[in-house]
Amino acid sequence: MKNSNSLKLKLTSISETGSLAFVLGESPNVNLLKINKISFYDFSTQVFDDKNYRQVTIEMPPTKTRDPVFLNGEPLGALHFKKDKEVLKELEILNFGKLTQVQATLQSNFSTKLVKVDPSTVESNRTTNF
């Protein structure tokens, strides 16, 4: 799709309030287009239940470049921190449009522990004064 493309859609409100409000647009070929975040814009109070097609125009902003990370050829996630990206660029590991394989050890800055406590082994040192 190019900017300012015109489409014919039947609009149907699915969720009408809050940040999850969205509209489905149905094309004459019965393709569906989900239109999100309508509660933030001019038609936030309108409920759509179209029986006829209407002309809509699509504007697409430039896409934000993301730096994906793959594990065994499958997407693991995307790099988030600017500092991490800068270091990887300095090491010539992160190159725009080029997939580079590296040996890496994955670590986490946090851990989760599950502890099971036998209630019969719990003692209370609390005293009650009346």
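Thresholds applied
- Starting afresh in each chain, residues are numbered from 1 along the sequence in its written order.
- Confidence filtering applies because this is a predicted model: local features only for residues at pLDDT of at least 70, side-chain atom pairs given and counted only at 80 or more, and all residues used for totals across whole chains, interfaces and linings.
- Only heavy atoms go into the side-chain values, all of them from the structure, while hydrogens and water stay out.
- For this analysis, a salt bridge means a side-chain nitrogen from Lys or Arg found within 4 Å of a carboxyl oxygen belonging to Asp or Glu.
- Centres within 6.5 Å make a pair out of two Phe, Tyr or Trp rings, where for Trp the six-membered ring is used; the pair is then stacked when the planes are under 30 degrees apart, edge-to-face when over 60, and tilted otherwise.
- A ring is scored as having a charge over it whenever the NZ atom of a lysine or the CZ atom of an arginine sits within 6 Å of its centre and within 35 degrees of its normal.
- Residues grouped as a nonpolar core are buried Ala, Val, Leu, Ile, Met, Phe, Trp, Tyr and Cys residues, joined through side-chain atoms within 4.5 Å.
- Exposure is judged per residue with a 1.4 Å probe applied to protein chains only, and the accessible area is read against the type maximum: over 50% gives exposed, under 20% gives buried, and values in between give partly exposed.
- Contacts were defined at the residue level, with two residues in contact if any of their heavy atoms lie within 4.5 Å.
- Only DSSP runs of H or I reaching four residues or more are called helices, and only runs of E reaching two or more are called strands; each is numbered from the N terminus.

Trainee: Can you explain the pattern of salt bridges? Please cite residues and give values.
Mentor: The full count for this structure, using the stated rule, is 2 salt bridges. A salt bridge links Asp50 to Arg54; its shortest N-O distance comes to 2.8 Å.

Trainee: Tell me what's going on with the packing of aromatic side chains, and back it up with residues and numbers.
Mentor: In total, this model carries 0 aromatic pairs according to the counting rule given. Above the plane of the ring of Phe22 lies Lys34, whose end atom (NZ or CZ) is 4.4 Å from the centre.

Trainee: Give a description of the nonpolar core that names residues and reports values.
Mentor: Counting residues in hydrophobic clusters, the biggest one holds 7 residues: Leu9, Leu11, Ala21, Val23, Ile38, Phe48 and Val56. Excluding residues within four positions of it along the chain, Phe48 makes contact with Leu11, Thr12, Ser13, Val23, Phe43 and Arg54.

Trainee: Got a sec to walk through unusual backbone geometry? Specific residues and values, please.
Mentor: Although it is not a glycine, Val30 adopts a positive phi angle of roughly 65°. Within the secondary structure, Val30 is located in the loop between strand 2 (22–26) and strand 3 (32–36). Judged by its relative accessible area of 55%, Val30 falls in the exposed class. Notably, Glu92 is not glycine yet its phi reads approximately 60°, a positive angle. Note that Glu92 resides in the segment after helix 1 (82–90). Glu92 sits in the exposed class, given a relative accessible area of 62%.

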